[in-house]
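Examination of the molecular architecture
If you want the building blocks of each chain, they are given just below.
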Amino acid sequence: MIRRASLVLVGALMGATAMSVVYSAVVPAVAANPSTYRELSIFGDVFERVRAQYVTPPQDDKLIENAINGMLSSLDPHSSYMNATDAEDMRTQTKGEFGGLGIEVTMEDELVKVTSPIDDTPAAKAGVLAGDFISKIDGQDVRGLKLEEAVDKMRGAVGKPIKLTILRKGADKPIELTIVRDVIAVRAVKSRVEGDVGYVRVISFTEKTYDDLKNAIEKIKKDVPADKLKGYVLDLRLNPGGLLDQAINVSDAFLERGEVVSTRGRNADETRRFNATPGDLTDGKPVIVLVNGGSASASEIVAGALQDLKRATVLGTRSFGKGSVQTIIPLGEAGALRLTTALYYTPSGKSIQGTGISPDIKVEQPLPPELLGKVENTSESSLRGHIQGQNETQEGSGSVAYVPPEPKDDIQLNYALDLLRGKKSDPSFPANPQKAELAP
């Protein structure tokens, strides 16, 4: 469908990031004034004093890394330096696959709990079951580890074995399993049929997202005859974002024409515009997009494009409000600089930085009693040092980011299903592309 940009992040992936083109580390030099060089000289003096006189010998590389991050964090919350490990983690996330076991996990009672083994993966083949508790990884006790630390230990080189100690309800003793790691593809899209409606949830925007979306829609069309299919729900709730080109491609999947998004940098000649191409994968069926406070950046690009071009009705609560684009610039020793280089604008020319996407139909999702007072709104506007949006007000952006685990309790989803089935009505549904909002 649409051309692929290199590594442009446009979402909350890696902490609310939107990625764009990967430039080389060589950039045009801009002459600094003499006072800048005097300040750099002072920095050098401070660095040498710390190295020589601090009470305990510091690590030079850590001092420099922290100094760089201090400079970048003073710019905005999304610019940062990534060392080799961080950069590799970012590449793994955007690629959508890694060497591992194939289990979805959470933390419970200081143990790693398997919520679901992924079909046809090493873990599933070895007999790991949902509800199993992992107490040891290669003989090391899991207690005391953070969830991300335990996950890191389970990931590794393809073909390398790992030993897990599993506690299972009903088993009279711990179960020892040796599993050989393999390539695990992370599904970027999950889908199902809700009777006469196709439900598609985009989890994140990785290199696999558009292909996963296309396959999901094709399956739904096979499962439900065209004359029976009422339409689609595109669920972008809790979607932290990811790659810009994938956000464009996902938008294009539902569009026949029109500008999807534009990015505008420091200079006017850096403005880039991305347009949809003919070919609506859903054959023009009605679409409802679900958003909440967990919908950030890349997911906001999709929601904003489909909303402005009147291809879909947006339902839910105000989105996160991250309207900036980060460029990944490779540096030496396999590290990288993640630098905010542009803001993006919806087809109507609006920046959602600090404001978010306002739904056409506002539907609140109540919190269960056990979460009342424990879940706060998530938003770009609440981040310290965020770039002030041109349309930002005291109201700010964001809303509660909560989705019930059971569809029957999901008020937003069920409201969308009722609209598609004609049980409810609203002036903004169905959306009419003839009334598209375009930039002047």
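As recorded in an unreviewed UniProt entry, the protein goes by S41 family peptidase and comes from Rhizobium quercicola.

This paragraph deals with the overall build of the protein. When its secondary structure is counted, the protein shows 9 helices and 22 strands. Computed over C-alpha atoms, the radius of gyration of the protein comes to 24 Å, within 12% of the 22 Å expected from 2.2 N^0.38 for 440 residues, which places it in the range of a compact globule. Principal-axis analysis of the C-alpha atoms places the extent of the protein at approximately 75 × 70 × 40 Å. A buried classification covers 46% of the 440 residues belonging to the protein. Partitioning the intrachain contacts of the protein with sequence separation of at least 6 by distance along the chain shows that 71% fall at a separation of at least 24. For the protein, the exposed surface amounts to about 22,100 Å²; the carbon and sulfur share of it is 52%.

Counting buried positions over the 9 residues of helix α7 (residues 244-252) gives 9, a clear majority of the element. Listing the buried residues of α7 in full gives L244, D245, Q246, A247, I248, N249, V250, S251 and D252.

Summed over the entire model, instances satisfying the criterion amount to 0 aromatic pairs. One cation-aromatic arrangement involves R192 over Y199; the distance from NZ or CZ to the ring centre is 4.1 Å. Of note, K424 hangs over the ring of Y415, and the distance from its end group to the ring centre comes to 5.0 Å.

Criteria and cut-off values
- Residue numbering note: each chain is counted from 1, following its sequence as written.
- At least 70 in pLDDT is required for a residue's local features to be given in this predicted model, at least 80 for side-chain atom pairs to be given and counted, and no such filter applies to totals for whole chains, interfaces and linings, which use all residues.
- For side-chain calculations, the full set of non-hydrogen atoms in the structure is used, while hydrogens and water are omitted.
- The helix and strand labels rest on DSSP assignments: H or I over at least four residues marks a helix, E over at least two residues marks a strand, and numbering proceeds from the N terminus.
- We compute the radius of gyration over the C-alpha atoms and compare it with the globule rule, which gives 2.2 Å times the number of residues raised to the power 0.38.
- Type-normalised accessible area, obtained with a 1.4 Å probe on protein chains alone, sets the label of each residue: buried when under 20%, exposed when over 50%, and partly exposed for intermediate values.
- Contacts between residues were defined by any pair of non-hydrogen atoms, one from each residue, lying within 4.5 Å.
- The accessible surface values rely on the Shrake-Rupley method and a 1.4 Å probe; as for residues, cover is taken only from the protein chains in view.
- Pairing of aromatic side chains here covers Phe, Tyr and the six-membered ring of Trp, requires ring centres within 6.5 Å, and sorts the geometry by plane angle: under 30 degrees stacked, over 60 edge-to-face, intermediate tilted.
- A positively charged side chain is recorded as over a ring if its NZ (Lys) or CZ (Arg) lies within 6 Å of the ring centre. The angle to the ring normal must also be within 35 degrees.

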